[in-house]
Protein chains: 2
Amino acid sequence: MRLLYHLPHSPFSRKVRLVLAEKRLPFELRVEKTWERREEFLELNPAGTVPVLADENGLIISESAAICEYLDEAYPDVPLIGRTLAERVEVRRLVSWFDLKFNHDVTRHLLGEKIMKRVAGRGQPDTGALRVGYANLKGHLEYLGYLAESRKWLAGGTLSLADFAAAAHLSALDFAGEVDWSISAPAKEWYARIKSRPSFRPILADRMGGVTPPAHYADLDF
Amino acid sequence: MRLLYHLPHSPFSRKVRLVLAEKRLPFELRVEKTWERREEFLELNPAGTVPVLADENGLIISESAAICEYLDEAYPDVPLIGRTLAERVEVRRLVSWFDLKFNHDVTRHLLGEKIMKRVAGRGQPDTGALRVGYANLKGHLEYLGYLAESRKWLAGGTLSLADFAAAAHLSALDFAGEVDWSISAPAKEWYARIKSRPSFRPILADRMGGVTPPAHYADLDF
């Protein structure tokens, strides 16, 4: 059976779970507490990070970017990176936007302080970091809203990996109660559409020790 | 003419320059001082980062990962991301290793403090950051040496994007005189091999205002 090593609050793990589910590829999940630096896991991925996918063909794939490119090449029936060169350029630009820039500006501040510190037992959130994260989140939600308003999906006419990268970060932050959806109505409407997809259900059902998500987290008509 | 917006010390720009040269695609360079946040440039890439490639066909491609994937798809004659699924998985894992992990552990500390602060006029290097960068560089050079010793090139039998990602970071650090090559003989031998390639010549000829590289920087038999 295909196996994904993951952490429930990791946006990069969530992105891969969404891609696997959209492609209707069955898989099992195994929580990997990366901060324990388990020997056998480091042999699979010397970087020590999740997600890591052990596919049925025996391949071990580390790094979420490599996993998503691999899945689109190995299982092309539901393509998620676009068809034309121009579409693929825009999908990958936005995946980098969310996985690098949004992660740097927002996720590492808010999720890092509120959830990861608690899960790994590393003390209290830093209020300065939280302030920076909230300020940056506003600009990012406005940009996402601008994309969602001018296009059907974030990268263009077709649902793509760009939507799942964005939704992975936002759902992890939403779980922690950190997203003020009133900032952008089009961003909220886009998120309601994507979270209604069957691929999202297992993510909305996730619960993590010691953290209670806000009432709207799993509500499809929030 | 194909145009690459870049910064001479940016490892991500260097990686794309190497890929373009290896594929024998002629291009012009334009230095973009990203910290000035030039309006016309932000219209090309709202993230405001280099590299950005304006290709001859009119496509604008932002983010180095998207550019390298695009170049391998649009100009496949010299493939740099591997042929089989397993090769492609390993090339992309190592590209993420250098562009995410090495960048996080080493480049942002050493290059960020020594070069980028000076270029953008943002004050003196932080000695704590430099110490962290040097300590992490040692472990990374040993891992690179281990790969170089057990394989012909970093990702396997064929020269690939993994080598260029690694060489881009290391050449930028070497320019700043930050690499102690005595840490790993196999890493040094691998770097001597890759820097002898014709694609490397323009990078070794780069000079940046106010920074003098060490004597061995452009020496192919260093």
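Let us look at the structure shown here. (Residues numbered from 1 in each chain as written. Chains lettered and ligands numbered in written order. Predicted model: local features only at pLDDT ≥ 70, side-chain atom pairs only at ≥ 80, totals over all residues. Heavy atoms only, no water.)

A separate point is the overall build of chain A. A count of helical and extended segments in chain A gives eight helices and four strands. Scaling as 2.2 N^0.38, a compact globule of 222 residues should have a C-alpha radius of gyration of about 17 Å, and chain A matches this with 17 Å. Counting only C-alpha atoms and orienting by the principal axes, one finds that chain A spans roughly 45 × 45 × 30 Å. Burial analysis of chain A (222 residues in total) assigns 57% to the buried set. Restricting the contact set of chain A to residue pairs at least 6 apart, pairs at least 24 apart contribute 66%. In the structure as shown, chain A presents an accessible area of about 9500 Å², 52% of it carried by carbon and sulfur atoms. Positive and negative side-chain charges of chain A, numbering 30 and 30 respectively, have mean locations separated by a distance of 3 Å. (Helix = DSSP H or I, 4+ residues; strand = E, 2+ residues; numbered from the N terminus. Rg over C-alpha atoms; globule rule 2.2 N^0.38 Å. Buried < 20%, exposed > 50% of the residue type's maximum accessible area, 1.4 Å probe, protein only. Contact = heavy atoms within 4.5 Å. Areas by Shrake-Rupley, 256 points an atom, 1.4 Å probe, with all protein chains shown as cover. Lys, Arg positive; Asp, Glu negative; His and termini not counted. Charge placed at Lys NZ, Arg CZ, Asp CG, Glu CD.)

Time to look at helix H1 (residues 11-22) of chain A. All names here are of chain A. If you check H1, its first and last C-alpha atoms are 16 Å apart, about what 12 residues at 1.5 Å a residue would give, namely 16 Å. Buried residues dominate H1, accounting for 10 of its 12 residues. Among all positions in H1, only Pro11, Ser13, Arg14, Lys15, Val16, Arg17, Leu18, Val19, Leu20 and Glu22 are buried. With its phi angle positive at about 55 degrees, arginine 24 sits one or two positions after the end of H1. (Expected span 1.5 Å × (residues − 1).)

Okay, the packing of helix H4 (residues 85-119) of chain B against helix H5 (residues 127-150) of chain B next. Residue and element names in this part refer to chain B. Contact geometry for H4 and H5: axes closest at 8 Å, N-to-C directions at 150 degrees. As summarised for this structure, H4 and H5 are arranged roughly antiparallel, according to the angle between their axes. Two packed elements cross with a definite hand, and for H4 against H5 that hand is left-handed. Only Ala129, Leu130, Val132, Gly133, Tyr134, Asn136, Leu137, His140, Tyr143, Leu144 and Leu147 of H5 make contact with H4, whose side of the interface consists of Arg93, Leu94, Trp97, Phe98, Lys101, Phe102, Asp105, Val106, His109, Leu110, Glu113 and Lys114. Considered class by class, the residues forming the contact of H4 with H5 number 14 nonpolar, four polar and five charged. (Axes fitted to C-alpha atoms, helices over the stretch in contact; angles between N-to-C directions. Parallel < 35°, antiparallel > 145°, perpendicular 65-115°, else oblique. Left-handed = near helix turned anticlockwise from the far one by under 90°. Nonpolar A, V, L, I, M, F, W, Y, C, P; charged D, E, K, R; others polar.)

This model, assessed by the stated rule, comprises 34 salt bridges over all chains. Note that aspartate 206 of chain A and arginine 17 of chain A form a salt bridge whose closest N and O atoms lie 2.8 Å from each other. Of this pair, aspartate 206 of chain A sits in the segment after helix H8 (201-205) while arginine 17 of chain A sits in helix H1, and the two are 189 residues apart along the sequence. Taking the relative accessible area as the measure of exposure, aspartate 206 of chain A reaches 14% and is therefore buried. For arginine 17 of chain A, a relative accessible area of 4% puts it in the buried group. Arginine 38 of chain B is paired through a salt bridge with glutamate 32 of chain B; the nearest N and O atoms lie 2.6 Å apart. Residue arginine 38 of chain B is classed as partly exposed on the basis of its relative accessible area, which comes to 31%. Residues participating in the shared-partner salt-bridge network are Glu69, Glu73, Arg88 and Arg92 of chain A together with Glu69, Glu73, Arg88 and Arg92 of chain B. (Salt bridge = Lys/Arg side-chain N within 4 Å of Asp/Glu carboxyl O.)

At the interface, 24 residues of chain B touch 24 residues of chain A. For the chain B face of the interface with chain A, the top three residues by lost area are Glu73, Leu85 and Val89 of chain B, together amounting to 24%. Summed over the shared surface of chain B and chain A, the result is six salt bridges. One salt bridge in this structure joins arginine 92 of chain B and glutamate 69 of chain A, with 3.8 Å as the shortest N-O distance. At the boundary of chain B and chain A, one finds four residue pairs in polar contact (both at pLDDT 80 or more). For the side of chain B that touches chain A, the elements supplying multiple residues, two or more each, are strand E4 (60-62), helix H3 (64-74) and H4 of chain B. Here the side of chain B that touches chain A takes 10 residues from H4 of chain B, the largest share from any one element. Of the residues assigned to the side of chain B that touches chain A, the class counts are 15 nonpolar, two polar and seven charged. (Buried area = accessible area lost by both parts, 1.4 Å probe. Polar contact = N/O pair within 3.5 Å; in protein donor to acceptor, adjacent residues only side chain to side chain.)

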